[in-house]
Each structure stands twice: as C-alpha cells, then as structure tokens.
Amino acid sequence: MRGVSRCPAMSPGTHPPACPATPSPVMTCGVDSVSRGAAQGGARLGPEVESRMPRALRGGQADPGPRCEALRQRESRVPAEGHSRCPEPAPALAALGDVGGGWAALVFVTVLGFASRFYRLPQPPHVCWDETHFGKMGSYYINRTFFFDVHPPLGKMLIGLAGYLSGYDGTFPFQKPGDRYEQHNYIGMRGFCAFLGSCLVPFVYLTVLELSKSLPAALLSAFILIFDTGCITLSQYILLDPILMFFIMAAVLSMVKCNSCADRPFSLPWWFWLSLTGVNLAGAMGVKFVGLFVVILVGLNTISDLWDLLGDLSLPLIMFGKHLLARVFCLILLPLSLYMALFAVHFAILNKSGPGDGFYSSAFQSRLIGNNLHNVSIPEHLAYGSVITMKNLRMAGGYLHSHWHLYPEGVGARQQQVTAYLHKDLNNLWIIKKYDSNTDHLDSSCTVEFVRHGDIIRLEHKETSRNLHSHQHEAPLTRKHFQVTGYGINGTGDSNDFWRIEVVGRKSGKLIKVLRSQIRLTHVATGCILGSSGKTLPKWGWEQVEVTCTPYLKENPSSLWNIEDHINPKLPNISLDVLKPSFTEILLESHMVMIRGNSGLKPKENEVTSKPWHWPINYQGLRFSGINETDYRVYLLGNPVVWWLNLVTIGVYFLMTTSTAVAMKRGVQQMTEHRELFQVLLRGGGQIMLGWLLHYLPFFMMGRVLYFHHYFPAMLFSSMLTGITWDTLLKFCTGHLLSSTMARKVYMCGVLTLVLLIVYSFYLFHPLSYGMVGPMASDPNSPMAGLRWLESWEF
C-alpha cells in the first residue's frame, strides 16, 4: 500500500521506535490531512466517509481548536530529524498491554522491596549504632525536651511522631548501643524508617521508566535496590538516612514527572508535580543539610528548562513570565515556607529545658521552661559588685569556670585552672570589681556604680576568691596563645589580673546589658583577648574546654561573651520576657549553631571513619551491632556485585557518551532507533549522572568526619544509571549485530544475567543485613568463610 511504511522490530519492553524516512502520510493540524493522505496514496474518499468527517476537514479549513494548538506545541519541542513516527500497531491493545505490564511490574517490585525491608525487622531487640542518637531524639520530642543536633529537625520529628503513634512513651534512655529494649515499643519507629526505605524501590522504578521508556531498565534498577544489602540495613533501623533518601528520590521523581508534562504547561498534572517537587525539596533540606544537593539538581534542571523556553520564539514573553513565576512560587517560596514552618513546629514542641540549652545563647535559653532564665527577673545593666556568669558565644564554648585544681607540672604556671564548662555550676560564678579597689559594692553604704564600655575591671572567682589572670606562659593545648589562670588570695593579686571590658559596636561610656551585649575582655598587660578555644582538656582538666588569651585580635565568637546570670540586690529587676528573641533571630541562631556543630564533628574513640574514595568501591563497612562471636552481628556493607557493577557502569557511561558525541560531531549516519537510544542515554542518563556527581563530589571538600553511610544518596543515582546504561548498551549491541528475533533473545538474556548475578550475590551476603551469630568470617568454620573478599571488610 502506497504511503505506508513498516516499523522495524521492537526490543522487548520498549515503545515503538521511529521509522526511517518514507513518504508516509503525517497527520497535521489545520490541514485536511486525511484528504491529502488519500491524494498521496492515490485513493479517493467516498461520499459516505466524507459526510462523516468534521466540517473543518470536509472544507479543507484549518482547525484552530486547542487540541491542535497543543499538538503543534508538542511537535515544536521535538527536534526535526526528517523522520516520521510509525503508527503503532493496534494502539489500544498496545497501550493496554504496556500499562498493564508496567503496573504489574510496579506492584511486583514494590512488594519485594517491602518484604526485604520488613523481614526480621524486630531483630536485634537492642539499640544498634546511631539508634542511640536518633531514637533518643525521638524521645525528646515525645517529652517536649529541648536538645541540640547538627541536622535540621524534620527527620527526628517524624521518628518521634512514629513512636508516639505506635505507643512508645518516650521513656527508654537510648544510652549506648547494645542496650536491650525490653518492654519498650521500638517497632513503630523502625517500621516507619523501613516503610520510607521500601518506598525507594517504586520511586527508582518509576523514575527510570519515565526517563528511558524501558521496562527492563526500570526493573533492573529496582532489583539493584531491592537486593542491595547496604540499602536494606540502612532502612531497618531508627536512622535519618531512609527518611533523607525518601525525600531525595521523591523530589527527583516529581521533577522527572513534571518534565514529562512540559507539553501541557499549567495543566493540573503539571501543577501537581511541580508543587510536589517543591514539597519534597523542603523535606530533603529539613532532614539533613545534604538535601541541598538535590535542591541544586532541581535548580539546574529548572534553569535549563527556562533557557529552552526563552529560546522558543513562538512563546510570548508574557507566557515565559508565567513559567518563571510558577517556578519561583513552587520551587523557591513554597519550599522555603515549609522549611521555616517545620522549624516553627520544632520550637513550639521543644519548649522544656534540656541537654541542648548550653549550645545556645542566653536569650535563646530564656524561652525554655525549666531553664534558670525562663520567666525570671534580673537587673538589666551590669554594675560593680554584681555576681555574674559569662557564656562564650562560640558553639559549645561553655561558661567561664574555675575550680580549686591546679595546672599540672610542665603545663604553664602551676596555678589554679580556668576552663569553660558546658553546664550550670556554682563554679561558674564571678564577682565583677574595680581593678584598683577591693571595696564590697554590695555594702549598703556604697552607691551603685554601673560598669561601662572601656572600663578596666577585675573578675574574682566567687568560690575560690582568686582573680582571673593571664601571663605569657603558653596555653595548655593551643600554641602561641597565653595561659589563663586563677591567681591571688582573697582578691589580692597583681597587674596581670586587669582586663578592659568592651562591648561590640558600642561607644565608650555606654552601659552593658545583660544577655544582649556581646562583650570582649582584653588583657591590659599583654593586649591578648580572653577566649574559648573549643578544645577539650585531658583528664587533669576534667575534660572541660580550654580557655586561652589569644594575641590575635581577630573578632570571632570564640573571643566574645555575654552576661547570663546577674545577681545584685541593690538593682531593680526587669523581666527577661522583654529580651526574648524573635522567631527570625532564633531561626538564624539555630542554623549558625548547627552549621558550626556540623563542621566541627570529630570521630569518637575507636570509631570507624572513612574517606570518599572508599565508598564507590565498597572498601569498608560499618558495624551496626556486635563485635564478638557470641554477639548478634549486623554489618553495613553494600552487595559487592551491585556496587562494583555500578562503579563499572560509570566508566561505561562516560565511554559511551564520549563516543556518541564524537560520532555525532563527525556526522556519522545512524539508524533512527540508535539515535533515540542515545538521546535517552544523553538526556535521561545525563540527569542521573549529574545527580550522582552532586551527591558525591562535595564530600571531598568537607572538613568534618565522614562515614560510609554518607554515600547512599549518591548510590541511588548510580543504581538508576546502571539500569539505563546497560539497557541502552544491550539494545545497541544486539540491534546492531543481530537479527531482530535473535536480538530480542540476547537482549533479554543479558538483562536476566545481570539480575541473576545480583540475586546470587545477595543470597551469599544477606546475613550481613539480617544478622550473623557464630565465628567471624576469618574462621574456616564460619558460614561467611570465603566471603571476605577484601581485607578491610570486618565481619
């Protein structure tokens, strides 16, 4: 039949490819295409058929309706290649088969994902690894007790909510790994994390299916995630990682789905996916700051999309402005509003004083019920004779503190120790006096005299009656800083006890306010500035924080202090309610504390840390539970076949994209099917590769302590890339070298071989996730003997 072309054989699980260029009729809008096709085909429509045609087609007039306009827009976004698409054979049946098969596969992988994550969920019935932190923080939310953590609050709030809804009462202490849960209900919190970890499987499946339009590619990626021992282990415990990965993958899926609606802008599905992308971005950022990486990924995708729209000359600028405003609202304002809202909920719930108080400013602490600053009245301005406490503004800088103990031999002068202490204590109390007088200003015969900016003062320790003192002996831990001690008897010392008190941003002679004024103490004799180094002293210093006098006059939180407690019976009191910070102030302060805490994280004693280059090669795992042969042992390690296949795939992807780019640049003629495959590889695979790079490379620039589990968000992207890359490679090789029938068989055998390798490797290594008891792998009698393929694996 003239004007009709035949399509090439289709690979399994794919949509029909484009046909080679032929004179086949193409339906267009606004033209009597049926008549034109009939004319080209040499056939004439009968009057009966013509009478049933729409009037616009019968008259050969353009149909200006919205459906034609939408079709024109859709066609304008597809690059013209000189090839027409083949009509799909039996479209209704084909669509029904595709949809039915896709949904059946989705249900299948989802059930497998949930089964693998919920299997043996209650085991072991004791605290494992970081459950000691995040389970305890969930308890804090249930008890409404304020605490400090280096991550935003959403993940811990959700864990606390899951525990509350499942009947957990928040009384288990979560003191250390290995503590048995006994009668406490912990399954709800583990089950919540396992549920979100299980959702990663359908998210990955749907994302890859949308990007590649290939069912085998989506299934391969889903199987990689289902049978990865590392992902299973990370999903079965009370941790932030499954919650973080849930929001990351949800954001990526929403972004991809929104991109697929590009030909229907401002439709209901388009708004839904765009808004859902913003919601998930807020969720990812609300769990950990590394959620910023997926925000960057979505941002780059949005910039690229807007750039393409700007280059579409058929699109009015007013319409482009609407696109821009829609993205600003859904991807910037909506996530920002939700992010701030979750902090508002966080501050509203945690309204009781707790272990996190000391990390925050005195004004912040005045909000907390049970804190000694809550709803109290104290004198507003500092005066001589007042008993005070001074808090360092450095994160975890502590209160200026002293005690009877002396510095040991060989550590500067053997005088009384001065440290910074993170907790409330009587040894934090100091009396502020004039430098040249020992008069008791609290005596009724003395008039009140306020301390002013620029005054020279002396600080006398209330419990020991020794003065705050410094000299040119080197500090205990920080080189080139001077030692700070307690010196003198009953307030009598020497000129090294004199300090100039200054308020940041104030002029000479101004009064000093409690809580609000940021003060600096400059040693008169040496010119150094009193500060907290943040370093922990050895056991002779009771593991408190080192206080030094720094000769470097750089202004930073370490050298700034504020007056917290203020006792002076001769002064009128004011309520601290007037000094309470606003929501914006506590939001900014909490972020500064979290960021400084995150950057200052150090490994605990005997803790296994790792380096970023270790992660993709599965070099070293993490002990989640147990050390000895008699312990129930769980070891976080990726399925070796999965992780090494992902690593090889990254190299294969770069090789394929490079060769494709060179071939296209050189004008090498390719079949239409191959061009479509490479478009999937370059566009869909390119988005996934960018996601992997954004979630992996930044760790090389981080100064904080790093662990193996930090790689798992990047691992999600490498798993999706594996499905897309191997699907494309197998289709290209089989379609290029073999006949259509043989190509289908070899293609399916290749995909099946990869799946079987992954499943068999999971069968060998599944005890790492589900628990081991007995000899270590180095023992020939161990069931894991022979599976310790790398010396760095410690199971």
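Please read all numbers here as calculations on a predicted model, not as lab measurements.

With that out of the way, let us pick up the overall build of the protein. Counting its secondary structure elements, the protein contains 21 helices and 16 strands. Relative to its full complement of 795 residues, the protein shows a buried share of 51%. Within the protein, counting contacts between residues at least 6 apart in sequence, those at least 24 apart form 75% of the total. A total accessible area of about 36200 Å² is found for the protein, and carbon and sulfur atoms account for 62% of it.

Turning to the state of the cysteines, a few remarks are in order. Per the stated rule, a full pass over the model turns up one disulfide. C528 shares a disulfide with C549; S-S distance 1.9 Å. Judged by the sign of its S-S torsion, about 95°, the bond between C528 and C549 is right-handed. Residue C528 is found in the loop between strand 10 (519-523) and strand 11 (529-536), and its partner C549 is found in strand 12 (residues 545-550); the two are separated by 21 residues along the sequence. Residue C528 is classed as buried on the basis of its relative accessible area, which comes to 0%.

Glancing now at helix 12 (residues 268-287). With 20 residues, helix 12 extends 29 Å from end C-alpha to end C-alpha; this agrees with the ideal 28 Å at 1.5 Å per step. Of the residues making up helix 12, those classed as buried are W270, L274, T277, G278, N280, L281, A282, G283, A284, M285, G286 and V287.

Below, the discussion takes up the environment of E182. Within the secondary structure layout, E182 lies in the loop between helix 7 (154-165) and helix 8 (187-212). Judged by its relative accessible area of 59%, E182 is exposed.

So, on to the side chain of Q365. For Q365, the location among the structural elements is in helix 15 (residues 362-365). Reaching out from Q365, the side chain makes a polar contact with the backbone oxygen of Y360 at a distance of 3.0 Å.

The next thing to look at is a positive patch on the surface. Positive charge collects at one region of the surface, where R506, K507, K510, K513 and R516 lie side by side. Along the polypeptide, R516 turns up in the loop between strand 9 (499-503) and strand 10.

Right, let's talk about the pattern of salt bridges for a bit. As enumerated under the stated definition, the model contains 17 salt bridges in all. Between E210 and K213 there is a salt bridge whose closest N-O contact spans 2.9 Å. Relative accessible area serves as the criterion here: at 15%, E210 is assigned to the buried category. Classification of K213 by relative accessible area gives partly exposed; the value is 38%.

Turning to helix 6 (residues 131-143), a few remarks are in order. Helical periodicity: at 3.6 residues per turn, an α-helix aligns residues three or four positions apart in one direction. Between its first and last C-alpha, helix 6 extends 17 Å over 13 residues, near the 18 Å set by a 1.5 Å rise per residue. Tucked into the core, helix 6 has its buried residues touching helix 7, helix 8 and helix 14 (317-349). Residue R144 follows helix 6 closely and has a positive phi angle near 60°.

The next thing to look at is a nonpolar patch on the surface. On the surface, L292, I296, L300, I303 and L690 cluster together into a nonpolar patch covering about 400 Å² of accessible area. Per-element tally for the nonpolar patch: the top contributor is helix 13 (residues 292-311), with four residues. Within the secondary structure, L292 sits in helix 13. Classification of L292 as partly exposed rests on a relative accessible area of 39%.

Looking now at the confidence of the model for the protein. On average, residues of the protein score 83 in pLDDT, and 86% of them are at 70 or above. Across residues 1-97 the pLDDT falls below 50, and counting only partners more than four positions away or on other chains, this stretch makes 103 contacts in the model.

Residue P124 is reached from Q123 by a cis peptide bond, and omega for that bond is -5°. Turning to its location among the elements, P124 is positioned in the loop between helix 5 (91-118) and helix 6. You will see that N375, though not glycine, has its phi angle at about 55°, which is positive. Relative to the assigned elements, N375 resides in the loop between helix 15 and strand 1 (377-379).

Turning to its location among the elements, H323 is positioned in helix 14. Ignoring anything within four residues of it in the chain, the contact list for H323 reads P265, F266, W270, L306, L309 and L315.

Considering all chains together, one arrives at 52 aromatic pairs under this definition. Ring plane angle 80° and centroid distance 5.3 Å describe the contact between W615 and F699, whose orientation is recorded as edge-to-face. Taken together, the residues span a long stretch of sequence, with W615 in the loop between helix 16 (583-599) and strand 15 (622-625) and F699 in the loop between helix 18 (672-696) and helix 19 (712-737) at a distance of 84 residues. Of the two residues, W615 and F699, both sit in the buried class. When the centroid spacing of 5.4 Å and the interplanar angle of 45° are considered together, the rings of W643 and Y711 count as tilted. One end of the pair, W643, is in helix 17 (residues 640-665); the other, Y711, is in the loop between helix 18 and helix 19, and 68 residues separate them in sequence. Exposure class is identical for W643 and Y711. Each is buried.

Right, let's get into the environment of P152. Tracing the chain through its elements places P152 in the loop between helix 6 and helix 7. For the pair P152 and F289, spaced 137 residues apart in sequence, the C-alpha to C-alpha distance is 7.2 Å.

Looking at the element boundaries, M720 is found in helix 19. For M720, a relative accessible area of 0% puts it in the buried group. When the C-alpha atoms of M720 and V204 are compared, they prove to be 6.8 Å apart, with 516 residues separating the residues in sequence.

With that settled, the discussion passes to the pairing of strand 8 (residues 482-487). For strand 8, the buried fraction is high: five of the six residues fall into the buried class. Summarising the sheet, strand 4 (residues 416-421) and strand 8 pair through two bridges and their orientation is antiparallel. Of the residues in strand 8, the one forming a bridge with Q416 is G486. Relative to strand 8, strand 7 (residues 467-474) is paired through five bridges, and the arrangement is antiparallel. Paired with E474 across the bridge in strand 8 is F482. As defined by bridge partners, strand 8 adjoins strand 12 across two bridges and the pair is classed as antiparallel.

Analysis parameters
Residues numbered from 1 in each chain as written. Predicted model: local features only at pLDDT ≥ 70, side-chain atom pairs only at ≥ 80, totals over all residues. Heavy atoms only, no water. Helix = DSSP H or I, 4+ residues; strand = E, 2+ residues; numbered from the N terminus. Buried < 20%, exposed > 50% of the residue type's maximum accessible area, 1.4 Å probe, protein only. Contact = heavy atoms within 4.5 Å. Areas by Shrake-Rupley, 256 points an atom, 1.4 Å probe, with all protein chains shown as cover. Disulfide = S-S within 2.5 Å. Expected span 1.5 Å × (residues − 1). Polar contact = N/O pair within 3.5 Å; in protein donor to acceptor, adjacent residues only side chain to side chain. Patch = residues over 30% accessible without salt bridge, like charges linked within 9 Å, V, L, I, M, F, W, Y side chains within 5 Å. Salt bridge = Lys/Arg side-chain N within 4 Å of Asp/Glu carboxyl O. Lys, Arg positive; Asp, Glu negative; His and termini not counted. Charge placed at Lys NZ, Arg CZ, Asp CG, Glu CD. pLDDT = per-residue confidence, 0-100. Phe/Tyr/Trp six-rings, centres within 6.5 Å; stacked < 30°, edge-to-face > 60°. Pairing = 2+ DSSP bridges.

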